[in-house]
Amino acid sequence: MLRRNIFLWFLPAAAWALDLTLPTANDGLFSPGGEARFFQGTAGKDWRSGQYGCVRSEGRQYHEGVDIRCLQRDRRGEPNDPVIAVAGGEIAHVSRVAGQSNYGRYILVRHDWNDVEVFTLYSHLRDIAAGLRAGQPVKRGQPIATLGYSGTQNIPRERAHLHFEVCFQINRNFAAWFAPRMAKGDRNDHGSFNGINLQGIDPTAVFLAARRHPPMNFREYMEAQPVAFTVLFPARRAPLSWMRAQTWCIVNGPEPAPVTAYEVWFMAEGVATYARPLWDVSPARWTVAGANEIALKTLAGRALVTRNTSGDWTFTQRGAELMEMLDY
Ligand SMILES: [Zn+2]
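Residues numbered from 1 in each chain as written. Predicted model: local features only at pLDDT ≥ 70, side-chain atom pairs only at ≥ 80, totals over all residues.

Quick word on the overall build of the protein
Then comes step 1: Of regular secondary structure, the protein possesses eight helices and 18 strands.
Then comes step 2: A compact globule built from 328 residues should have a C-alpha radius of gyration of about 20 Å, and the protein, at 21 Å, falls within 12% of that.
Then comes step 3: The principal-axis extent of the C-alpha atoms belonging to the protein is close to 65 × 60 × 40 Å.
Then comes step 4: A buried classification covers 39% of the 328 residues belonging to the protein.
Then comes step 5: A separation of at least 24 residues holds for 65% of the contacts in the protein among residues at least 6 apart in sequence. (Helix = DSSP H or I, 4+ residues; strand = E, 2+ residues; numbered from the N terminus. Rg over C-alpha atoms; globule rule 2.2 N^0.38 Å. Buried ≥ 20, exposed ≤ 12 C-beta atoms within 10 Å, placed from the backbone. Contact = placed C-beta atoms within 7 Å.)

Spelled out as structure tokens, the structure:
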């Protein structure tokens, strides 16, 4: 009887774990004061610089993931923490050549979390599990790689870490959009899984939400994210390719007339969380319809929208490029 009671008592704790686990054995994120053990800071900076967000260069530099500290090394001093998939999904992309990306060796796993297509990215890997390739199913907790320090920038061995992202693919046809825009001599070895086409959100917030509110509903989580700016898109090719991949965020009502535009709500990152068709406006181009300064300030270094000299909200060059990618 006692055993049975203990078993029942433990059930809730196991329920969240079914959904999401941390990508290495480093669980400092979940213990009070454990941040310094969890995050790997950049050269000469403390653990804060290993967090997600505008945590570098006085906030001007945006870090799209978290850098997780190495916990174990072999006799030669090489990092050897196993890296595991944080949830079940499908391998989307495996890049085994360290010099082909500033991610170094990296893996992307595609997930369907409550009908939201989302990816987790594991990078700077030392090595990748033999035989792992795109299209394979992967289970939560399955070892897929070893933590390392691979990349095109020189990461010293002492600072070996896992750069981990929870991210969205901006456009499935990115490779076609990017090809004519590439600088001479540049190459794209990653098709539409190039880092330029991936937009991260805060992994720490996702892990903490999954732990605090099990079982987590990721769609509701995304819908609850603060809106930083709203955009009107002409409905030339309705809906946007983003909406074709992320059908959860489009709200369709009865259509009294042909749709002429879409109003889309964005997080400060540039991730769209809501879209609705409109019939009464016809913007010639994508236009900033409104902005929330407080939400924008939480990620000031991302800088997708800004005020022009007359005080109106407009896209920065980076913002305009993102809109172009979304609308391609
Ligand atoms: Zn990083």
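Picking up after the structure, the text goes on.
A closer look at the pairing of strand S15 (residues 272–278)
Then comes step 1: In the sheet, strand S14 (residues 261–266) pairs with S15 via six bridges, with the strands oriented antiparallel. Bridge pairing in S15 links Phe266 to Ala272. (Pairing = 2+ DSSP bridges.)

Digging into the sheet that holds strand S8 (residues 127–128)
Note on sheets: strands pair through backbone hydrogen bonds, and any given pair is parallel or antiparallel.
Then comes step 1: Spatial strand order, S4-S10-S8: three strands in an open sheet with antiparallel pairing. In this open sheet, the two edge strands, each paired with only one partner strand, are strand S4 (82–84) and S8.
Then comes step 2: As paired strands, S8 and strand S10 (residues 143–146) are joined by two bridges and run antiparallel to one another. Within S10, the residue paired with Ile128 across the bridge is Ala145.

Looking at the confidence of the model for the protein
Then comes step 1: Residues of the protein with pLDDT of at least 70 account for 94%, and the chain-wide mean is 90.
Then comes step 2: Note on residues 1–18: pLDDT under 50 across the span, and eight contacts to partners over four residues away in sequence or across chains. (pLDDT = per-residue confidence, 0-100.)

A closer look at the nonpolar core
Then comes step 1: Counting residues in each nonpolar core, the largest one holds 82 residues, and the members touching the most others are Ile107, Phe119, Tyr122, Val231 and Phe266.
Then comes step 2: Counting the residues that make up this core, at least three belong to each of domain 1 (14–212) and domain 2 (225–327). (Core = buried A, V, L, I, M, F, W, Y, C linked by C-beta atoms within 7 Å. Domains from an automatic or database assignment.)

Comments concerning unusual backbone geometry
Then comes step 1: Even without glycine at this site, Asn114 takes up a positive phi of about 50°.
Then comes step 2: In this fold, Asn114 is placed in the loop between strand S6 (105–113) and strand S7 (116–125).
Then comes step 3: For Asn114, a count of 16 C-beta atoms within 10 Å corresponds to the partly exposed category.
Then comes step 4: Unlike most non-glycine residues, His124 shows phi in positive territory, near 60°.
Then comes step 5: Inspection of the secondary structure assignment puts His124 in strand S7.

Some remarks on the environment of Ile201
Then comes step 1: Residue position: Ile201 is located in strand S12 (residues 198–201).
Then comes step 2: For Ile201, a count of 21 C-beta atoms within 10 Å corresponds to the buried category.
Then comes step 3: Distance in space between the C-alpha atoms of Ile201 and Glu269 is 6.9 Å, their sequence separation being 68 residues.
Then comes step 4: In this structure, Ile201 is in contact with Val166, Val206, Glu269 and Val271, ignoring residues within four places of it in sequence.

Here we look at the pairing of strand S13 (residues 229–234)
Then comes step 1: In terms of burial, S13 is largely enclosed, as five of its six residues are buried.
Then comes step 2: Both S13 and S14 contribute to a ladder of six bridges, which runs antiparallel. Considered in S14, the bridge of Thr230 is made with Trp265.
Then comes step 3: With four bridges joining them, S13 and strand S16 (residues 287–291) adopt antiparallel strand pairing. Looking at the pairing, Phe229 lines up with Ala291 of S16.

Points about the sheet that holds S15
Then comes step 1: The sheet built from four strands is open, its strands ordered S15-S14-S13-S16 with antiparallel pairing. The outermost strands of the open sheet, each flanked by one partner alone, are S15 and S16. Along the sheet, successive strands turn relative to each other by an average axial angle of 20°, direction set aside. (Axes fitted to C-alpha atoms, helices over the stretch in contact; angles between N-to-C directions.)

A short note on the domain arrangement of the protein
Then comes step 1: When cut into domains, the protein gives domain 1 (14–212) and domain 2 (225–327).
Then comes step 2: Each of domain 1 and domain 2 has a C-alpha centre, and these two points are 27 Å apart.
Then comes step 3: Broken down by secondary-structure element, the contributors of at least two residues to the side of domain 1 that touches domain 2 are strand S1 (53–56), strand S2 (61–63), S7, strand S11 (161–169), helix H3 (174–178) and S12.
Then comes step 4: When residues of the side of domain 1 that touches domain 2 are assigned to their parent elements, the largest contribution, three residues, is made by S12.

So, helix H4 (residues 203–212)
Then comes step 1: Among all positions of H4, only Pro203, Val206, Phe207 and Ala210 are buried. All buried residues of H4 lie within an arc of 95° about the axis, which places them on one face of the element. (Arc of directions from axis to C-beta.)

Some points on the environment of Glu324
Then comes step 1: Mapping Glu324 onto the fold places it in helix H8 (residues 317–327).
Then comes step 2: Each C-alpha atom, one on Glu324 and one on Ile155, is 33 Å from the other, the two residues being 169 residues apart in sequence.

Side note on H8
Then comes step 1: The complete set of buried residues in H8 reads Gly319, Leu322, Met323, Met325 and Leu326. All buried residues of H8 project into a common sector of 160° when viewed along the axis, lining one side.
Then comes step 2: In this fold, the buried residues of H8 make contact with H3, S13, helix H6 (241–245), strand S17 (305–307) and strand S18 (313–315).

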